[in-house]
Amino acid sequence: MIHVEGLRYRYPPLAPGGEWTTALEGVSFDVPRGRCLAVTGPNNAGKSTLMLAVAGLAPRLTAGHLEGRITVAGRDVQAEPPGALADVIGLALQDPAGQLITQTVEEEIAWGLENLGVPPAEMRERTGWALGVVGLGDVLLTQPPQTLSGGQQKRLALAAALALRPQVLVLDEPSGGLAPAARAEMVEVLRGLRATTGLTILLAESDPAVIS
């Protein structure tokens with residue numbers, strides 16, 4: 001389902017005449033359909049760069065130069081135009097504040113569905129399902145995302161990705177920056193996804209409790 005071959009990623013120098021910084025070098029792996037692969041390592045090991053590259057957002061939305069090949073569901077993510085893989089790859093970023101862009105919880109999930117042309121009745125069904133899956137079924141649909149706790153914001157970003165019914169889920173540090181209680185809630189959500197869905201999951205994570 002996910003195939004990465006000979007991936008090399010470099011960031012340009014911060015100052016003129018400086019050296020390029022290599023974030024990833026010779027990375028190759030496969031994630032079969034329905035399996036989960038966790039990528040771990042210290043800060044600045046290139047985990048986030050790898051997640052963004054697999055999702056097709058790097059180097060489009062980041063500085064840098066990519067070499068190698070990445071395919072998801074048989075499609076070359078670097079050759080696809082932005083947004084073309086929205087119903088193939090679901091992405092939840094490390095910082096949900098940069099991903100939540102609308103005024104209400106309902107609008108946050110509906111935004112991606114509207115772009116896919118999903119009918120209103122199906123949008124409501126998918127919204128309720130996705131919120132329930134991530135444990136936010138009791139949150140008011142009219143509540144502004146910015147008023148949610150950090151853990152709830154991360155789960156809302158995950159719900160918005162799940163509502164698109166992707167084949168692959170890419171998660172960048174899903175437990176990063178969360179208090180212990182919120183981290184435990186996220187662990188349970190991820191365990192539930194792995195147990196009850198056929199999603200292929202690629203995640204970058206530093207917490208052993210999440211990986212296990």
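What comes next concerns the included structure. (Residues numbered from 1 in each chain as written. Predicted model: local features only at pLDDT ≥ 70, side-chain atom pairs only at ≥ 80, totals over all residues. Heavy atoms only, no water.)

For the structure shown, the criterion picks out 1 aromatic pair. Across the ring face of Trp-20, the terminal group of Arg-10 is positioned such that the distance to the ring centre comes to 5.0 Å. In this arrangement the basic side chain of Arg-165 is found over the ring face of Trp-129, its NZ or CZ atom lying 4.9 Å from the centre. (Phe/Tyr/Trp six-rings, centres within 6.5 Å; stacked < 30°, edge-to-face > 60°. Lys NZ or Arg CZ within 6 Å of the ring centre and 35° of its normal.)

We now examine helix H5 (residues 180-196). In this model, H5 (17 residues) spans 24 Å end to end at C-alpha, consistent with the 24 Å of a helix rising 1.5 Å per residue. When H5 is considered as a whole, its buried residues turn out to be Ala-182, Met-186, Val-187, Val-189, Leu-190 and Leu-193. Viewed along the axis of H5, the buried residues span an arc of 165°, placing them on a single side of the element. Along H5, exposed side chains directed more than 90 degrees from the buried face belong to Pro-180, Ala-181, Ala-195 and Thr-196. Structurally, H5 contributes buried residues whose contacts are with helix H3 (120-133), helix H4 (150-163), strand S7 (168-172) and helix H6 (208-211). (Helix = DSSP H or I, 4+ residues; strand = E, 2+ residues; numbered from the N terminus. Expected span 1.5 Å × (residues − 1). Buried < 20%, exposed > 50% of the residue type's maximum accessible area, 1.4 Å probe, protein only. Arc of directions from axis to C-beta. Contact = heavy atoms within 4.5 Å.)

Attention now moves to unusual backbone geometry. Glycine aside, the phi torsion of most residues is negative, and most peptide linkages are trans. Here the bond from Ala-58 into Pro-59 is cis, since omega is 10°, no more than 30 degrees from zero. Within the secondary structure layout, Pro-59 lies in the loop between helix H1 (47-54) and strand S4 (65-72). Located in the positive-phi region is Arg-165, a residue other than glycine, with phi close to 55°. For Glu-173, which is not glycine, the phi dihedral falls at a positive 50°. Taking relative accessible area as the criterion, Glu-173 reaches 7% and is therefore assigned buried.

Attention now moves to the sheet that holds S7. Backbone hydrogen bonds are what pair the strands of a sheet, in a parallel or an antiparallel way. Pairing is parallel in the open sheet, where 4 strands are placed in the order S3-S8-S7-S6. In the strand order of this sheet, the two ends are held by strand S3 (36-39) and strand S6 (89-92), each with one partner. Here the strands of the sheet are splayed against their neighbours by 10° on average, with no regard to which way each runs. Pairing between S7 and strand S8 (residues 200-204): 5 bridges, direction parallel. Along S8, the bridge assignment pairs Val-170 with Leu-202. (Pairing = 2+ DSSP bridges. Axes fitted to C-alpha atoms, helices over the stretch in contact; angles between N-to-C directions.)

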